[in-house]
Amino acid sequence: MQMKTGQIHAWLNRGTRDGFVTKLNRPVSYQTTRQQPQEEHAIAVEECLYRYFLNALKAITGQDPLPLDSIVERLQISKAQGTAWLKAGIQEGVVTRLTRPERYSC
C-alpha cells in the first residue's frame, strides 16, 4: 500500500495547523509529541490509515454505493489517495465497483 505524497502533505499541514505536528526547517521535517522507530511507524501508520479508510467507506456507503468524488469529499482525502485505496480494496475483494454510473461500496 502506498501513500500519495499530496495526501501526506495535506495531513501534515492540517496537523501543523491544529497543533498536533511541528514543522522543522533546514532540512524540512515534521515532529510529533511521541517518537517511534521511523520504518516500523511508517508501515503501521500506512496500514492503519488504509484500514480506517475501509471502515469509513463501509459506514458512508451502507446500502448506497457512492461515486469517487463523493467519497473523497466526505472522507476529506485527495482524489489520488482515494483512487489508490479503492483500487487496493478492489484487488483485496473488500470493495465493490459498480458501473453506469461508476460507484463504490464496501
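This text follows the structure it describes.
What you see is a predicted model; the values in this text were computed from it and never measured.

Asks: Would you mind showing me how to read helix α1 (residues 5-17) here?
Replies: Because the α-helix completes a turn every 3.6 residues, residues three or four places apart line up on one side. Between its first and last C-alpha atoms α1 spans 18 Å; for 13 residues at 1.5 Å apiece the expected length is 18 Å, and the two agree. Remark: Gly19 follows α1 within two positions and exhibits a positive phi of approximately 85 degrees.

Asks: Is there a simple way to explain the packing of aromatic side chains in this structure?
Replies: This model, assessed by the stated rule, comprises three aromatic pairs. Considering the side-chain rings of Tyr50 and Trp85, the 6.4 Å spacing of their centres and the 50 degrees angle between planes classify their relative orientation as tilted. Taken as a pair, Tyr50 in helix α2 (residues 38-61) and Trp85 in helix α4 (residues 79-92) lie far apart in primary sequence, 35 residues in all. By relative accessible area, Tyr50 is classed as buried at 1%. Judged by centre distance (5.1 Å) and plane angle (40 degrees), the ring pair of Phe53 and Trp85 falls under tilted. Taken together, the residues Phe53 in helix α2 and Trp85 in helix α4 connect sequence positions 32 residues apart. For Phe53, a relative accessible area of 2% corresponds to the buried category. Using a relative accessible area of 2% as the deciding quantity, one classes Trp85 as buried. Connected via pairs of aromatic rings, a cluster forms that spans Trp11, Tyr50, Phe53 and Trp85.

Conventions we followed
- Residues numbered from 1 in each chain as written.
- Predicted model: local features only at pLDDT ≥ 70, side-chain atom pairs only at ≥ 80, totals over all residues.
- Heavy atoms only, no water.
- Helix = DSSP H or I, 4+ residues; strand = E, 2+ residues; numbered from the N terminus.
- Expected span 1.5 Å × (residues − 1).
- Phe/Tyr/Trp six-rings, centres within 6.5 Å; stacked < 30°, edge-to-face > 60°.
- Buried < 20%, exposed > 50% of the residue type's maximum accessible area, 1.4 Å probe, protein only.

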